[in-house]
Amino acid sequence: MSTKFMKSAAVLGTATLASLLLVACGSKTADKPADSGSSEAKEITLYVEDQYKAFAETAAKAYEKEAGVKVTIKTGDQMGGLDNLSLDNQSGKAADVMMAPYDRVGSLGTDGQLSEVKLSDGAKTDDTTKSLVTAADGKVYGAPAVIESLVMYYNKDLVKDAPKTFADLENLAKDSKYAFAGEDGKTTAFLADWTNFYYAYGLLAGNGGYVFGQNGKDAKDIGLANDGAITGINYAKSWYENGLRYARYGRSWKPNPNSIPRR
């Protein structure tokens, strides 16, 4: 972790989310497609990004003991694996189970690239998490594995109590001890990636903005230019005007000014 990151008082970050998906065709054993949901399957492959390898190994060990099925773990680029799924399914090179972001589940499922699954009563899912792996056709195509949320880290060596409001963060930004070395007017008191819609959406939604109306079901009702959304974007813009620095993977960098919404 870089020194500049450690000197930041507060950083807006992410706890990741991913789902385990049952691939439609999967890999081939001899001339038969493997069916990881069948008691006849003796070996299945699980494809994950390297960052999830330790998690996959733990899950695989428990599954092997319970089902008597050997699990081979393969690692690689997550998004690349999903993009190649159609061709890999046809050639039999696809893994039997993959880990993927929930927002790819619906399209892959309805395209026929994933098999429908039934979540057990012990799956520890609620209606919200189940909806993330349910496509528009009402079918479930995956099991939530890691639940995502925005979090704020703060440096206890610099801040006694965690900031509770944006006003608290604004006050931190006024403190000269968080000035960014070599760049007058820049502060590392609070770091956030607000040109990334994922992070900025909290500002929009908190002020009344939204993407689609009727709980995300009405694509004809777009709420990205209403008063609340504009208020949220202007608030983010005010931070750049007052010296906000970005943080990503522990490094500070300047945003592209062309990507910052204008009034």
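Residues numbered from 1 in each chain as written. Predicted model: local features only at pLDDT ≥ 70, side-chain atom pairs only at ≥ 80, totals over all residues. Heavy atoms only, no water.

Asks: Before we move on, could you go through the overall build of the chain and cite the residues and values that matter?
Replies: Along its length, the chain carries 10 helices and 13 strands. Taking all contacts inside the chain whose residues are at least 6 apart in sequence as the whole, residues at least 24 apart take part in 69%. Entry remark: accessible area of the chain is about 15800 Å², with carbon and sulfur atoms responsible for 50%. (Helix = DSSP H or I, 4+ residues; strand = E, 2+ residues; numbered from the N terminus. Contact = heavy atoms within 4.5 Å. Areas by Shrake-Rupley, 256 points an atom, 1.4 Å probe, with all protein chains shown as cover.)

Asks: Can you lay out the environment of Val48 for me, pointing to particular residues and giving the numbers?
Replies: The topology assignment puts Val48 in strand S5 (residues 43-48). Val48 sits 47 residues away from Ala95 along the chain, and the two C-alpha atoms are 9.7 Å apart. Beyond its immediate stretch of four places on either side in the chain, Val48 contacts Lys53, Ala56, Ile73, Lys74, Thr75, Gly76 and Met99.

Asks: Tell me about the side chain of Gln113, and name the residues and values.
Replies: With respect to the helices, strands and loops of the structure, Gln113 is situated in the loop between helix H5 (105-110) and helix H6 (127-131). Those residues in contact with Gln113 that lie beyond four places of it in its chain are Val23, Ala24, Leu85, Ser86, Asn89 and Leu108.

Asks: Tell me about the packing of aromatic side chains, and please be specific about residues and values.
Replies: Given two aromatic rings, one states the distance between the centres and the angle between the planes to describe the pair. Taken as a whole and assessed by the stated rule, the structure comprises 9 aromatic pairs. Note on Phe166 and Trp194: the rings are 6.1 Å apart at their centroids and 50° apart in plane angle, and the pair reads as tilted. One end of the pair, Phe166, is in helix H7 (residues 166-173); the other, Trp194, is in the loop between strand S10 (187-191) and helix H8 (197-206), and 28 residues separate them in sequence. Look at Phe166 and you get partly exposed, because its relative accessible area is 35%. Owing to a relative accessible area of 6%, Trp194 belongs among the buried residues under this scheme. Ring geometry for Phe190 versus Trp194: centroids 5.7 Å apart, planes at 65°, classification edge-to-face. Grouping residues by exposure puts Phe190 and Trp194 together as buried. Among the aromatic residues, those joined into a ring-pair cluster are Phe166, Phe190, Trp194, Tyr235 and Trp239. (Phe/Tyr/Trp six-rings, centres within 6.5 Å; stacked < 30°, edge-to-face > 60°. Buried < 20%, exposed > 50% of the residue type's maximum accessible area, 1.4 Å probe, protein only.)

Asks: Residues and numbers for the environment of Asn207, please.
Replies: You can see Asn207 is positioned in the loop between H8 and helix H9 (213-216). Given the relative accessible area of 41%, Asn207 is considered partly exposed. A C-alpha to C-alpha distance of 4.5 Å links Asn207 and Gly228, two positions 21 residues apart in sequence. Once residues within four sequence positions are removed from consideration, Asn207 is found in contact with Gly228, Thr231 and Gly232. Side-chain polar atoms of Asn207 contact the backbone oxygen of Leu203, separated by 2.7 Å. (Polar contact = N/O pair within 3.5 Å; in protein donor to acceptor, adjacent residues only side chain to side chain.)

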